[in-house]
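Below are the chains, spelled out letter by letter.
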4 protein chains.
Amino acid sequence: MFDKLREECGVFGIFTKTVSDVTMYAYTALYALQHRGQESCGIAVNDRGVINYKRGMGLVNDVFDKEALESLNHGRIAVGHVRHSISGLNNHYSTLPLVVRHIKGPMAVSYNGSLINSQELRESYELKGAIFHSLSDAEVIAYAVTEARIRCGSIEASLEEAMKKIKGAYSLVIMSPQKLIAARDPNGIRPLCLGELPNGEGYIAVSESCALNAVGATFLRDVLPGEIVVISSDGIQSIQTHCANKGSLCVFEYIYFARSDSRIEGVWVHEARMRAGEFLAQEHPVDADVVIGVPDSAIDAALGYSKQSGIPYGLGLVKNRYVGRTFIQPTQEMRETSIKIKLSAVESVVSGKRVVVIDDSIVRGTTTRIIIKMLRESGAKEVHVRLSSPPFCNPCFFGTDIDSRASLIANSKTLDEIRDNIGADSLGYLSIENVEKVASGANCGFCSGCFSGRYPIDIPEEIPKDKFDSRLSQ
Amino acid sequence: MFDKLREECGVFGIFTKTVSDVTMYAYTALYALQHRGQESCGIAVNDRGVINYKRGMGLVNDVFDKEALESLNHGRIAVGHVRHSISGLNNHYSTLPLVVRHIKGPMAVSYNGSLINSQELRESYELKGAIFHSLSDAEVIAYAVTEARIRCGSIEASLEEAMKKIKGAYSLVIMSPQKLIAARDPNGIRPLCLGELPNGEGYIAVSESCALNAVGATFLRDVLPGEIVVISSDGIQSIQTHCANKGSLCVFEYIYFARSDSRIEGVWVHEARMRAGEFLAQEHPVDADVVIGVPDSAIDAALGYSKQSGIPYGLGLVKNRYVGRTFIQPTQEMRETSIKIKLSAVESVVSGKRVVVIDDSIVRGTTTRIIIKMLRESGAKEVHVRLSSPPFCNPCFFGTDIDSRASLIANSKTLDEIRDNIGADSLGYLSIENVEKVASGANCGFCSGCFSGRYPIDIPEEIPKDKFDSRLSQ
Amino acid sequence: MFDKLREECGVFGIFTKTVSDVTMYAYTALYALQHRGQESCGIAVNDRGVINYKRGMGLVNDVFDKEALESLNHGRIAVGHVRHSISGLNNHYSTLPLVVRHIKGPMAVSYNGSLINSQELRESYELKGAIFHSLSDAEVIAYAVTEARIRCGSIEASLEEAMKKIKGAYSLVIMSPQKLIAARDPNGIRPLCLGELPNGEGYIAVSESCALNAVGATFLRDVLPGEIVVISSDGIQSIQTHCANKGSLCVFEYIYFARSDSRIEGVWVHEARMRAGEFLAQEHPVDADVVIGVPDSAIDAALGYSKQSGIPYGLGLVKNRYVGRTFIQPTQEMRETSIKIKLSAVESVVSGKRVVVIDDSIVRGTTTRIIIKMLRESGAKEVHVRLSSPPFCNPCFFGTDIDSRASLIANSKTLDEIRDNIGADSLGYLSIENVEKVASGANCGFCSGCFSGRYPIDIPEEIPKDKFDSRLSQ
Amino acid sequence: MFDKLREECGVFGIFTKTVSDVTMYAYTALYALQHRGQESCGIAVNDRGVINYKRGMGLVNDVFDKEALESLNHGRIAVGHVRHSISGLNNHYSTLPLVVRHIKGPMAVSYNGSLINSQELRESYELKGAIFHSLSDAEVIAYAVTEARIRCGSIEASLEEAMKKIKGAYSLVIMSPQKLIAARDPNGIRPLCLGELPNGEGYIAVSESCALNAVGATFLRDVLPGEIVVISSDGIQSIQTHCANKGSLCVFEYIYFARSDSRIEGVWVHEARMRAGEFLAQEHPVDADVVIGVPDSAIDAALGYSKQSGIPYGLGLVKNRYVGRTFIQPTQEMRETSIKIKLSAVESVVSGKRVVVIDDSIVRGTTTRIIIKMLRESGAKEVHVRLSSPPFCNPCFFGTDIDSRASLIANSKTLDEIRDNIGADSLGYLSIENVEKVASGANCGFCSGCFSGRYPIDIPEEIPKDKFDSRLSQ
């Protein structure tokens, strides 16, 4: 998939015993999580009980210069966040981590997910005197924890209590003056795992394992669906009162969100994508000369299709590494340029060939249409499009920001109409049956609601229809 | 006074019936209030009930570029804020206006002052479940208003209720979806006045009248101590239940904070400063050839001293208009440069003369010492220092951020010691008796607590001693 | 004068024996020269024969951050430059100092002035193979020096030779690997003086003496008209073969360009401005209550008018110190705001008074009209405008960038028409006779060509008419 | 190869008959050429004879914002340039295109290459009065053309004359008021090709064909070694007086510099790299389970090795797309992070496998050592390194900026020592014999001097030894 779906958020937390400057760990980890969110980012560091933070719009590279890092550079506990993009909202009001002050101590909250009862909770707190600064569900969660905390003793007991109220998808990393807490909703819809620093220096909680390698930590285990992990100077403690079932991990994490080199619930993302490609070759075989993938996310599936079909894999499309977000749109006379400047066909690979091109999904169809045109202009005789996921026919209530146009094209057009619209010789989607098998062997069940319409939680009827378009998920 | 005391904040609000882009008014007014705070600033605009805002560290010039203004550029009500500087704190957490969301409607709060019971209130709200994002008293006030609002109907009734709880100095401008509220604490310690746009287009509430001229509005009247002014499409309404006494305006507003061309409580700041100079000439006469002032704030008092004493006024010191905040400190070999680059002696004015130099106060003495040295190097035969305010011998609890070194020099050294330390031929401070008369004819009484130790409100004993150094006033 | 005429350039050079980081001297001096040019600036530093430099558009404050200064921070000789603004040209091609490489050694050239035969010289060099990078006369001068240098031995002998060819106004500071050269055209139209560092550490050449104080140096003497001063490890050497006459210093340097605390040719600028005010009081007396000046440049003349007339001086207009160059123009509804935000009338000074307002010149009249309107709105009963220079009736060929509208209003309207146009009760310009006396006692004669039409050099007829509008002077 | 060798420059020129805003074409093309130089870039546009330009340090994305593009946005002819990085020099003095003014008309010069007689020419021009602003050979070329032009009539005749003097590698795009000129040195060491806009709207000259696709143009042909192509309103004219031989294209253009989807002298870069991988498999076979490539430049060769050897290709290393040039180096405790943050091993691909890893060259060995360590930590049983080029044993005089450490490791260590140093199980370089065959079928001969020591031009003995380290090539 090429620049279509809006991505997830990424969370990070670190607790060390001996290291005195965890900021660089957070900074480095956020680089490794950047694919989960490019709109804003932030780091909060605990300097002997005082929480300092820096948040801003833009990439890690934009927000954190030397001065910013140095201003945070003392502390043994930190949390970080990268956030995805939803255009049209004044999102700078809602950058994370959320940092709040309270008589029971300050708290920083990093969050990935989407609550289904946030509006209801928000109103109930407001009627008790709460005021909200942001649009983020993280602030609702902070109130739920705080409300419990006035009665309960510890922050973990408060979170345990709060989790009885908050419903939906959430992977949380919370920092208190003394502790780092990692928690996952009872369905485990968003990933979260634990790592260990060398020599027992400390622990990390992070959305994806790829960030562990970046900071020199080793993978320990996934946080269980519903589990609360408490990391303190006493070590790791696990609270499992909300652990009821196997969980329902978002299957689209494997297909698109996560990075190839991450392992989620025991299954490598690269392997799952390879398998998606293999299933695709079984479901939609075609007589062709070369299999190519749309970089970067569909390369793995293309290798899987090639392996299963025996058709050679080729480097048929290359991506320009220098096109930033600020590419200025050219004039009318140069239409298609904004895609052509990012992607190029390699003529020597596709010329005179029957080409199978693998992508992970179709949104509006425009990008796919231009890619097919480029391939034909470079001499491809046939272009067969294969998609490593089923069509989006349903909304996601748990944080996948599906472009409504993606749903539209899938619901309003037949397969043949889409094929004709994009100009392909043939078109094939992965089946719902097989998409649930791409990560077979995982320690969990899956949510494929956006494809199948079957959700692990009952969705209240009163959730406004327009949430389908503009969910503010984190 | 030259770059010594930390300054106040400035608040602004506008309500119009017909204008659709009040952002430019706020922007222009903040320029005119910039002398009250250079650390951060912000504007919040009400676009048919939705509050958008932009806040940032730096001058109005730094924070608001064309893009920022355009992003806010719709709405008929707005509030703005400039904030002063206290080094050492992570003040970017506490930029204003504070914008909060609530089931009763959003609210934006601009605030100048300092509460004496903010810590007590903060804790009581936290024990009811409140969480705080900032260190600002504005957030405490927001909770006090919100708490009342759940019970009371209107925002003005809620503020009226809240004012029973909050104690200290505050000038407030609050924006709700439909209204603009201006209010001053019952002692009226910080200034706040009302203006009117031409042709009855709308109203403005602002810290100083100088900002009214800048936006083309005319002065209406000061907000009364304790008054709540409600501006809505129904016009102006006044609530005076907290108006008990004549008030105790901070006298230092006349001496230093406010701009020469502002009128506060019926007295022009320029006139008050002239009078301070005149008193000074009466209290500390000296046989001399020329009277000069340290630009910019002591020029008026120098003219007053000249007028009273008959000694001619001269342009003996000029200020470099191009030295920004980022002047990079030169090497050891070039000591004194950072002052010399900002201020120069005009040799043709002072050479061979007995010079009276007027300043408004002394902090550490370093700057005064260098100024005297510059004047002597330029040929001054004698240098007589006169200060248009008494020595700072007491803390301020109401928002004047007195450098503790200013208090130190005044408390720990005798007048003769200070004179010798700065290298003056003679030294004279304005008396406490006369400082309270500089604005005689005003519609109010005065607070001169930082000079006299007499405060209009009882100061709780438990206020931590270190608040003297590092009050977070707004 | 308030933001009307475009300003001059400023040049600086330093040669030291012992100091190893002259960059900070150049940086500090450019701040003190900033009033002579705000469009661009630059510093070139000689690090043991290698010339490094940094130039850029904007104020010293914009172009030189810590990193830029550190990148230059080695060397014992340096030159600097500030440049004025001419809108509409791509002036970033022509920032100075010019730095050129040549087999006889590199050279950096700082320049203030305007040549009258630059086009002719430029073409003659081009026909010999020269190529030009910039539009600056400095490059023409560099070619003239280089051409001579191939034949002559030393850089000073080459400059001596070159000065036979270049005609017009120029104050030059040239740096070679071993020497610093300061030179002034034979008419000495633009100022240039020498200063000495403490303890014989080195020498400085600079446009105005005010910059000497800023860096802790003392005034030595003015460079003579036509003189070439060579500063090297052998000390100071003077070449006076081009010193023919007393010179013709631009009188507008005293009226407007230079800073109050500078001394040029033995006369203090402040004194000359006072005297202009005194002459004005004699030429155009008026019965009034207060004399005020338009800040900053007309304050001195206002004090002179007050002294001569006996009418008290008052602080009737104040300038906002925070309005940078990027103030964003407000909407139509807020016309006049861009001036009102920069200047304010002090009502308590002018209300009910007959006011004499001193400015140094009128360009279009718009600004003066708005100032008068502001004064009347603040209660002034009468407003009498007095200008401390005669009307601009002629072009300047030597670097004063007179706005053609200034010439237009002076040539096309009668005095009465201008008075009515700006809305003054009376209007008086300083006479040409007296403007030439403001600096009486100076060591030189004067050029008042822009007022009188009499120039110290014959102006070639073929100088294009449009040079009047858009001279590229430096 | 991963971030090791410094890259080449890229040149671009466009001539249109009908399009009025060629700036967007230049901007888009420079994005497509960005891989050839990331240090600085620039565009010059010809607006009816007047050349405007913008140059700056940084990526196209950094230098050209909307305002910069709009300031250039008129003209029918343009040239552009991207420049590579050589640390330690003040390269901002030498950004291109060079723009010079001359009585025969202005000229803008874009240049890729390195002259071997530039110092000699530079001195000869200086002795005739020339002055140089930059360190770039482009300025020497400009003087050579200008010198000829005073005698010759046209710019193309002047270039033809100049080419008799300048010796070395150069691909030039020159813009005059009426023409666009493209020229290549007689050995054709650097690439340059021509493209055509749709509907005969105009022509393009550019370093690599990949940029033609980006702007919607089609490939026409390569410029011949020694050819001068003149594009004007009369169409295309070819001057072939310097076309003597087949040429000697730099073979490293295929191996590393150029982009996979470019075609140079009739051979696709992707094909040449595949072939390099195939030769490598023949020369250095190994019993292994998976072949992986170091992204991005070694992926093609890895596919070639896989194809030839039959060992499956795997996605064993992935590159982080978000790591910009400003990644801040972490503390000592996190060594290796700067590479680990950019590259990750995909554990599921390499774990338990015997891995062949293909790179294009080794510089210091540090990066390769860390990559091997990462692969072993991810479970690789064996790691066999194969390089798609021979060792660098000789300097390049034609613009390839070989890191002297690359030469050092190749000259000072045996193959076994390098293998042990990097920790590989085996190591194999492509042979010199085969590197010259990777582009067999091309219309030209090759220069492989950096590998073989055999150069197409006699290198003068007096070329300073240190040029090996710090050549300023463009």
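Up top you'll find the structure we're talking about.
Here goes a summary of the coordinates provided. (Residues numbered from 1 in each chain as written. Chains lettered and ligands numbered in written order. Predicted model: local features only at pLDDT ≥ 70, side-chain atom pairs only at ≥ 80, totals over all residues. Heavy atoms only, no water.)

**Digging into the relation of the copies chain B and chain C**
What counts here: The fit set for superposing copies consists of C-alpha atoms from residues with pLDDT of at least 70 in both; the fit itself is least squares. Residues count as neighbours in contact if any of their non-hydrogen atoms are within 4.5 Å of one another.
Its rotation angle being 180°, the transformation that places chain B on chain C also includes 0.0 Å of axial translation and leaves an RMSD of 0.1 Å. The superposition operator between the copies reduces to a two-fold rotation axis. Among all residues of chain B, the minimum C-alpha distance to the rotation axis is found for Arg321(B), at 3.6 Å. The fraction of interface residues of chain B whose copies in chain C are also interface residues reaches 100%, indicating that both copies meet through the same surface.

**A few points about helix α13 (residues 366-377) of chain A**
Residues and elements named next belong to chain A. Worth spelling out the cut-off: Helix and strand labels come from DSSP, where a helix needs a run of H or I of at least four residues and a strand needs a run of E of at least two; each type is numbered from the N terminus. Take the number of residues in a helix, subtract one, and multiply by 1.5 Å to get its expected span. A simple rule labels every residue: compare its accessible area, found with a 1.4 Å probe on the protein chains alone, to the largest value its type can have, and call it buried under 20%, exposed over 50%, or partly exposed in between.
If you check α13, its first and last C-alpha atoms are 16 Å apart, about what twelve residues at 1.5 Å a residue would give, namely 16 Å. Looking only at α13, the buried set comprises Thr367, Thr368, Ile370, Ile371, Ile372, Met374 and Leu375. Phi turns positive, to about 105°, at Gly379, one or two residues after α13.

**Notes on unusual backbone geometry**
Residues and elements named next belong to chain A. The residue after Leu96, namely Pro97, is reached through a cis peptide bond having omega 0°. Mapped onto the secondary structure, Pro97 falls in the loop between β4 (77-83) and β5 (98-100). That bond from Pro295 to Asp296 is cis: its omega, -5°, falls within 30 degrees of zero. Note that Asp296 resides in the loop between β17 (290-293) and α10 (299-309). Even without glycine at this site, Arg48 takes up a positive phi of about 50°. By the element assignment, Arg48 lies in the loop between β2 (40-47) and β3 (50-57). Of note in this structure, Asn199 is not a glycine but carries a positive phi near 60°. With respect to the helices, strands and loops of the structure, Asn199 is situated in the loop between β9 (193-196) and β10 (202-206).

**What about the relation of the copies chain D and chain C?**
Between chain D and chain C, which share one sequence, the superposing operator has a rotation angle of 179° and an axial displacement of 0.0 Å; the RMSD is 0.1 Å. Taken as a fraction of all interface residues of chain D, those also at the interface in chain C reach 100%, which identifies the copy contact as same-surface.

**Regarding the interface of chain B and chain C**
Defined as follows: Once two parts are joined, some of their accessible surface, as seen by a 1.4 Å probe, is lost; buried area is that loss totalled over both. Definition used for salt bridges: Asp or Glu carboxyl oxygen within 4 Å of a side-chain nitrogen of Lys or Arg. What qualifies as a polar contact is a pair of N or O atoms within 3.5 Å, subject to a donor-acceptor requirement within protein and to the restriction that residues adjacent in sequence count only when both atoms come from side chains.
Taken together, the 56 residues of chain B in the interface contact 56 residues of chain C. Approximately 4,500 Å² of surface area, both sides summed, lies buried where chain B meets chain C, with 63% of it carried by carbon and sulfur atoms. Among the ionic pairs, Arg321(B) bridges to Asp296(C), the shortest N-O distance being 3.3 Å. Viewed at the interface, chain C and chain B are joined by twelve residue pairs in polar contact (both at pLDDT 80 or more). At the level of secondary structure, the elements contributing two or more residues to the side of chain B that touches chain C comprise α1 (23-33), α3 (66-72), α7 (210-214), α9 (269-283), α10 (299-309), α11 (337-340), β19 (343-345) and α12 (347-350) of chain B.

**With respect to the interface of chain D and chain C**
Often, the extent of an interface is quoted as the loss of accessible area on bringing the components together. Under the convention used in this document: Each residue gets one label: Ala, Val, Leu, Ile, Met, Phe, Trp, Tyr, Cys and Pro are nonpolar, Asp, Glu, Lys and Arg are charged, and the others, such as Gly, are polar.
Each side of the interface is counted separately: chain D has 29 residues, and chain C has 29 residues. Of the roughly 2,700 Å² buried at the junction of chain D and chain C (both faces included), carbon and sulfur atoms supply 58%. Looking only at chain D, the three residues that lose the most surface to chain C are Arg101(D), Ile131(D) and His133(D), adding up to 28% of its buried area. Viewed at the interface, chain C and chain D are joined by eleven residue pairs in polar contact (both at pLDDT 80 or more). Counting residues per element, the side of chain D that touches chain C draws most heavily on helix α5 (residues 137-151) of chain D, at five residues. When grouped by side-chain class, the residues that make up the side of chain D that touches chain C number 15 nonpolar, eight polar and six charged.

**Side note on the environment of Tyr256(D)**
All names here are of chain D. Looking at where Tyr256 falls in the secondary structure, it is placed in helix α8 (residues 252-257). Here Tyr256 falls in the buried class, since its relative accessible area comes to 10%. Remark: the alpha-carbon pair of Tyr256 and Ala298, spanning 42 residues in sequence, is separated by 8.3 Å.

**Notes on the pairing of strand β9 (residues 193-196) of chain D**
Residues and elements named next belong to chain D. The condition is simple: For two strands to pair, DSSP has to find at least two bridges joining them.
One ladder, built from four bridges, connects β9 with strand β10 (residues 202-206); its direction is antiparallel. Of the residues in β10, the one forming a bridge with Cys193 is Val206. Between the antiparallel neighbours β9 and β10 lie five residues, among them Asn199 with a positive phi of about 60°. Pairing between β9 and strand β11 (residues 218-222): four bridges, direction antiparallel. Counterpart to Glu196 in the pairing with β11 is Thr218.

**Observations regarding the pattern of salt bridges**
On inspection of all chains with the given rule, the structure shows 100 salt bridges over all chains. For Glu227(C), the salt bridge identified is with Arg221(C), shortest N-O distance 2.6 Å. Take Arg221(C): its relative accessible area is 28%, and that puts it in the partly exposed class. Here Arg354(D) and Asp289(D) are joined by a salt bridge, their closest N and O atoms 2.9 Å apart.

**A word on the sheet that holds strand β5 (residues 98-100) of chain B**
Residues and elements named next belong to chain B. Short version of the rule: In this analysis an axis means a line fitted to C-alpha atoms, helices contributing only their contacting stretch, and an angle means the value between N-to-C directions, from 0 to 180 degrees.
Across the sheet, which stays open at both edges, the six strands sit in the order β5-β6-β7-β8-β12-β13 with antiparallel pairing between neighbours. The sheet terminates laterally at β5 and β13 (235-239), the two strands that pair on one side only. Across the sheet, the axes of successive neighbouring strands diverge by a mean angle of 20°, strand direction being ignored. Note: strand β6 (residues 107-115) against strand β7 (residues 168-175), eight bridges, orientation antiparallel.

**Quick notes on the sheet that holds strand β17 (residues 290-293) of chain C**
Residue and element names in this part refer to chain C. The four strands are arranged β17-β20-β21-β22 in an open sheet whose pairing can be described as parallel. Of all the strands in the sheet, the pair left with one neighbour each is β17 and β22 (426-429). Within this sheet the neighbouring strands show an average axis-to-axis angle of 20°, counted without direction. Relative to strand β21 (residues 382-387), strand β20 (residues 354-359) runs parallel, the two sharing six bridges. By the bridge assignment, Val355 is partnered in β21 with Val383. Helix-sheet contacts for helix α9 (residues 269-283) involve β20, β21 and β22, and the interaxial angle to β22 is about 125°. Against the sheet, helix α13 (residues 366-377) touches β17, β20 and β21, its axis set at about 145° to β21.

**Quick word on the side chain of Lys179(D)**
Residues and elements named next belong to chain D. Along the chain, Lys179 falls in the loop between β7 (168-175) and β8 (180-184). Here the side chain of Lys179 touches Glu156 through a polar contact of 3.0 Å, side chain to side chain. Setting aside anything within four residues of it in sequence, one finds Lys179 in contact with Ile77, Ser154, Ile155, Glu156, Ile174, Val230, Ile231 and Ser232.

**Looking at the arrangement of the chains**
The two units chain A and chain C never meet; even their closest C-alpha atoms stay 13 Å apart. Separated in space, chain B and chain D share no contact, their closest pair of C-alpha atoms being 13 Å apart.

**Notes on the side chain of Glu126(A)**
For clarity, the threshold we go by: Only four residue types enter the charge count: Lys and Arg as positive, Asp and Glu as negative, with His and the chain ends excluded.
Summarising the element assignment, Glu126(A) is placed in helix α4 (residues 118-126). With no salt bridge to any partner, buried Glu126(A) finds its closest opposite charge in Arg122(A), at an N-O distance of 4.9 Å. If sequence neighbours within four positions are ignored, Glu126(A) has contacts with Phe132(A), Arg101(B), His102(B), Ile103(B) and Ile150(B).

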